[in-house]
Amino acid sequence: MRELYLKAPAKINLALHIKGLREDGFHELQMIMQSISLADRIKLKKKSGGIVLKTSHTELPTGEENLAYQAAEIFFEQNPELNQGVEIYIEKNIPIAAGMAGGSTDAAAVMKGLYQLFELEADFMKLHQDLKAIGSDVPYCLKGGTVYASGKGEILEPLPFIGEKYLVVVTPAFKISTPAVYKLYDELQGYQKFNFDLILDNLRSEEEIDWSLDYKNDLKRASENICPEIVEIKDIFKNSEAEFTRISGSGPTVFSVYDSREKAEKVAAGWPRKNDFVTAVKTIDSY
Ligand code: ATP
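Residues numbered from 1 in each chain as written. Predicted model: local features only at pLDDT ≥ 70, side-chain atom pairs only at ≥ 80, totals over all residues. Heavy atoms only, no water.

A. Representation of the UniProt feature "active site" (unreviewed entry) in the chain in the model. When the UniProt feature table is mapped to this numbering, "active site" (unreviewed entry) covers Lys11 and Asp137. For the residues just named, distributed over 127 residues, the greatest C-alpha separation is only 9.7 Å, placing them together at one site. Of the annotated set, the members that line the largest pocket are Lys11 and Asp137. Considering the arrangement of structural elements, one finds Lys11 in strand 1 (residues 3–21). The class of Lys11 is buried, set by a relative accessible area of 5%. Setting aside residues up to four positions removed in sequence, Lys11 forms contacts with Met33, Gln34, Ser35, Ile36, Gly99, Met100, Ala101, Asp137, Tyr140, Ser248 and Gly249. Within polar-contact distance, the side chain of Lys11 engages the backbone oxygen of Gly99 at 3.1 Å. Tracing the backbone shows Asp137 in the loop between helix 3 (124–132) and helix 4 (138–141). When neighbours within four sequence positions are excluded, Asp137 is seen to be in contact with Lys11, Met31, Met33, Ala101 and Ser104. (UniProt positions renumbered as here; feature names shortened; annotations may be inferred. 1 Å grid on protein atoms, 1.4 Å probe; cavity = no way out; pocket = protein on both sides within 12 Å on 5 of 7 lines; lining within 4 Å. Helix = DSSP H or I, 4+ residues; strand = E, 2+ residues; numbered from the N terminus. Buried < 20%, exposed > 50% of the residue type's maximum accessible area, 1.4 Å probe, protein only. Contact = heavy atoms within 4.5 Å. Polar contact = N/O pair within 3.5 Å; in protein donor to acceptor, adjacent residues only side chain to side chain.)

Structure (structure tokens):
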């Protein structure tokens, strides 16, 4: 095999709870992660040596700062006998620094893809271990789907897929730094109680998802403070027959769930704020 084409899907958070601060300075999290059909497209092509990364997005780093580049570096360090390199092309469709794990999903896809390209075996646990070093969200992106993520986000419990739901995803033209949101969160408020067990019972039961449960995002206040446009976007969604509206991750992406594809597409087509990234997508199962 000389080249390989991959899809790297984005995620949203159906719930994000901060349990407290850990001794290592990170936050102890409880999150429900869900993959969506919005995806970057990646091409991997063998070359004689080294790593070259190109991308359709002019603002993305193409060297070691790119998480996909880091994944390739780890791969070649782990497999020194290969004596070859790779050219990576990322067609960036997921908004950057938007709370949809765009960088993490590229890194996971490149790592998995390189094992395929070079026809080497690697089990999930090995890939999980290697990718954890790049970022806490990266192991989740290996398989995606509906997952309960805890710890820093790297402890994963796969849940039954919530089924195909139709969503509108809106990202204002405003990049949010995840560490900045957590920092403001720490300054703004104490830890809140969250009835996460009921959410987990609901999701593990494979019954229809009950949106009236505590599907909250604890970073809401901090991200709205940093990006007040989030509130304007939520106000538009309020008048759109959405079943459920939340901020994804640390924002500024906001998504709404609809009971039909037609409704979601209509909301996306009539979106009034012209500078936002807007797309109608659906939830996807693990890949
Ligand atoms: P998360 O939801 O995991 O917090 P995010 O979606 O908010 O992440 P990303 O899009 O992953 O954020 O980008 C965060 C930072 O990572 C940006 O500053 C970006 O320059 C950098 N980055 C490195 N590699 C990539 C990549 N392949 N795609 C997107 N961003 C990348």
